[in-house]
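The residues making up each chain are set out below.
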Amino acid sequence: MDIKAILRQNRDFFNSFNRGLLLTELDGRIFWKNKEFDNYMEIAYMISENISKLKEGLGTFEYEGGRFEINKVPILFSDEKYLLFILDVSEIVDARSGHDSYMRSSGGKYTFDNLIGRSEVMQKLVEDAKKVAMTDSNIIIHGETGSGKEIIAQSIHYESSRRKGKFIAVNCSAVPENLMESIFFGSVKGVFSGAENKKGLFEIASGGTIFLDEINSMPMNLQAKLLRVIQEGTVRRIGGTEEVKIDSRIISAMNMNPFDEVDKGKVRNDLLYRLGVVFIKVPPLRERIDDIGPLAEYFIKMKSRKLGIGVKPVNKIVYQLFMNNDWEGNVRQLEHVIESAVVMARYSSEINAEHLPAYFLKTTTASKGSKNEIELVQDSLKHELETIEKNRIIFDLENSGGNMTAAAKTLGISRQNLYKKMKKYDIKVSEQNK
Ligand SMILES: Nc1ncnc2c1ncn2[C@@H]1O[C@H](COP(=O)(O)OP(=O)(O)OP(=O)(O)O)[C@@H](O)[C@H]1O
Ligand SMILES: [Mg+2]
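Owing to the predicted nature of the structure, the values given are computational and were not obtained by experimental measurement.

Chemist: Whenever I open this one, the packing of helix H7 (residues 120–134) against helix H8 (residues 149–159) confuses me. Can you help?
Modeler: In a pair of packed helices, the angle between the axes and the distance between the axes together describe the arrangement. Two elements in contact, H7 and H8, have axes separated by 9 Å at closest approach and are oriented at 45°. On the basis of the axis angle, H7 is oblique to H8. In this structure, H7 meets H8 at a crossing whose hand is right-handed. Contacts between H7 and H8 involve Met 122, Leu 125, Ala 129, Lys 130 and Ala 133 on the former and, on the latter, Ile 152, Ile 156 and Glu 159. Its residues assigned to classes, the contact of H7 with H8 comprises six nonpolar, no polar and two charged.

As structure tokens, this is what we get:
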């Protein structure tokens, strides 16, 4: 039997199969997985990394701090090259009782396979990133907050030959300055009070990838030390005498333009070119609106499953609002907006504008697009636009404690206009606030 051929012939069917199908090479390297597994990447990796134990039929695994039980027919088919696993993935997650640390939304593993990006810019980005993944070059990923820098960094790691090594992510702005050096480079017992014999992150990440997030907040003196480490390819623990060889690819990230950060004196020029052998700029979500639909769909599916409610469609006007928003918080913001909308739409058949969070409605209008687009808004949709406006007025009035002057100001309209709209929507505030 040629498993690969069977899968190829039935790809669509297998993708819609409501059980997880995972195809690995004999050594556990993931070859293919169906959509069901995309939401449970952690389990896919647990299987991949415990392949020899699984072949012996062991059913319970400790993996990255959690327990997985898979005693329900783990391996079904194998040929000379592949192992095919058929699993009820959702049941495995339920068995974890109360943990959700394996969900990809909370620190799961990301690969290019589950990175959503239909837009041309993202397709090109992924194509380039895959090429860079094959090399050992250091990479700087920059782009606005929430745009996906970390998941791209992870995807590069798991695409590279270092995938069996560790992916160590460290947020440079979160590490206390006085501990930074020992955390990065390690320490020798007794060299300062409380110091232990400890490996630094570069040693731990050796053979893998170290992800230096917010590199522009690393103090200058440490940047000089980092530069030395990169040049020499070795680290010396604080208080140590030995130079330890390290072999980790460095992927750095920042929210700012890297060259501006050099100009501002936040990043050393010489370090920038050591860290940024390759630069990857992640475009903000508003510049790749083709991704909004697929991302929204994906998050709806994921959040509904997490909350145990049925998956619902998003109506047209919501799409229009999504297309017109600036998404300053990018994909992360979209994820949060969807999560709250899924909860609010619990008892509705679809997600409509009423279910969107008020803060989101405040930053968006359905009419930001060109005139033609506005003209295209049909009458049935107009009603919803009015609902949005009404909700927004109520929201701002509540926020101002019913003070119309203040509310008009935050709404950006005249008090007179507000009064007119309140009349139209039958919104009342108590007499003394008028
Ligand atoms: N292309 C994508 N496909 C699926 N999920 C995505 C994608 N891009 C971002 N996300 C989701 O958005 C969230 C934010 O992504 P990520 O943490 O990588 O952003 P970031 O650029 O590192 O943000 P920050 O600058 O704030 O650290 C993640 O939880 C991830 O699930
Ligand atoms: Mg990040």
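Chemist: Can you help me understand the site of ligand 1 in this one?
Modeler: The environment of ligand 1 is made up of 18 residues, and the closest members are Tyr 110, Ile 116, Thr 145, Lys 149 and Asn 255. Between Ser 147 and ligand 1, the recorded distance is 3.3 Å, taken from a backbone N or O atom to an oxygen atom. Contact distances for ligand 1 include 2.7 Å between an oxygen atom and a side-chain N or O atom of Lys 149. When the free accessible area of ligand 1 is taken as 640 Å², the share hidden by the protein chains comes to 90%. Elements with a contribution of two residues or more to the shell around ligand 1: H8, helix H14 (292–307) and helix H16 (330–344). In terms of residue class, the shell around ligand 1 is built from seven nonpolar, five polar and six charged. Summarising the domain contributions, the shell around ligand 1 has at least three residues from each of domain 2 (112–283) and domain 3 (288–433).

Chemist: Quick question: what am I supposed to make of a nonpolar patch on the surface here?
Modeler: A surface patch of nonpolar side chains, amounting to about 210 Å² of accessible area, comprises Leu 179, Val 191 and Phe 192. Along the chain, Leu 179 turns up in helix H9 (residues 177–185).

Chemist: Mind showing me how you'd approach unusual backbone geometry here?
Modeler: Peptide bonds are mostly trans, and most non-glycine residues show a negative phi. Phi is positive for Asn 330, close to 55°, though the residue is something other than glycine. As for its position among the elements, Asn 330 is in helix H16. Of the residues examined, Asn 330 reaches a relative accessible area of 0% and is grouped as buried. In this model, Asp 426 sits at a positive phi of 60°, which is unusual for a non-glycine residue. Topologically, Asp 426 is positioned in the segment after helix H21 (415–425).

Chemist: Would you explain the nonpolar core in this entry?
Modeler: Soluble, globular proteins show a tendency: their nonpolar side chains are buried together. By size, the foremost hydrophobic cluster in this structure holds 33 residues, and its most contacted members are Ile 47, Ile 141, Ile 152 and Ile 156. Going through the elements one at a time, helix H4 (41–49), helix H5 (51–55), strand S6 (82–87), H7, strand S7 (139–142), H8 and strand S14 (249–254) are the ones with two or more residues in this core. The dominant element in this core, judged by the number of residues it contributes, is H7, at six residues. Built from parts of two domains, this core gets at least three residues from each of domain 1 (3–101) and domain 2 (112–283). Every residue in contact with Ile 141, bar those within four places of it in the chain, is listed here: Lys 149, Ile 152, Ala 153, Ile 156, Ile 251, Ser 252, Ala 253, Met 254, Ile 280 and Val 282.

Parameters and conventions
Residues numbered from 1 in each chain as written. Chains lettered and ligands numbered in written order. Predicted model: local features only at pLDDT ≥ 70, side-chain atom pairs only at ≥ 80, totals over all residues. Heavy atoms only, no water. Axes fitted to C-alpha atoms, helices over the stretch in contact; angles between N-to-C directions. Helix = DSSP H or I, 4+ residues; strand = E, 2+ residues; numbered from the N terminus. Parallel < 35°, antiparallel > 145°, perpendicular 65-115°, else oblique. Left-handed = near helix turned anticlockwise from the far one by under 90°. Contact = heavy atoms within 4.5 Å. Nonpolar A, V, L, I, M, F, W, Y, C, P; charged D, E, K, R; others polar. Near = heavy atom within 4 Å. Polar contact = N/O pair within 3.5 Å; in protein donor to acceptor, adjacent residues only side chain to side chain. Areas by Shrake-Rupley, 256 points an atom, 1.4 Å probe, with all protein chains shown as cover. Domains from an automatic or database assignment. Patch = residues over 30% accessible without salt bridge, like charges linked within 9 Å, V, L, I, M, F, W, Y side chains within 5 Å. Salt bridge = Lys/Arg side-chain N within 4 Å of Asp/Glu carboxyl O. Buried < 20%, exposed > 50% of the residue type's maximum accessible area, 1.4 Å probe, protein only. Core = buried A, V, L, I, M, F, W, Y, C linked by side-chain atoms within 4.5 Å.

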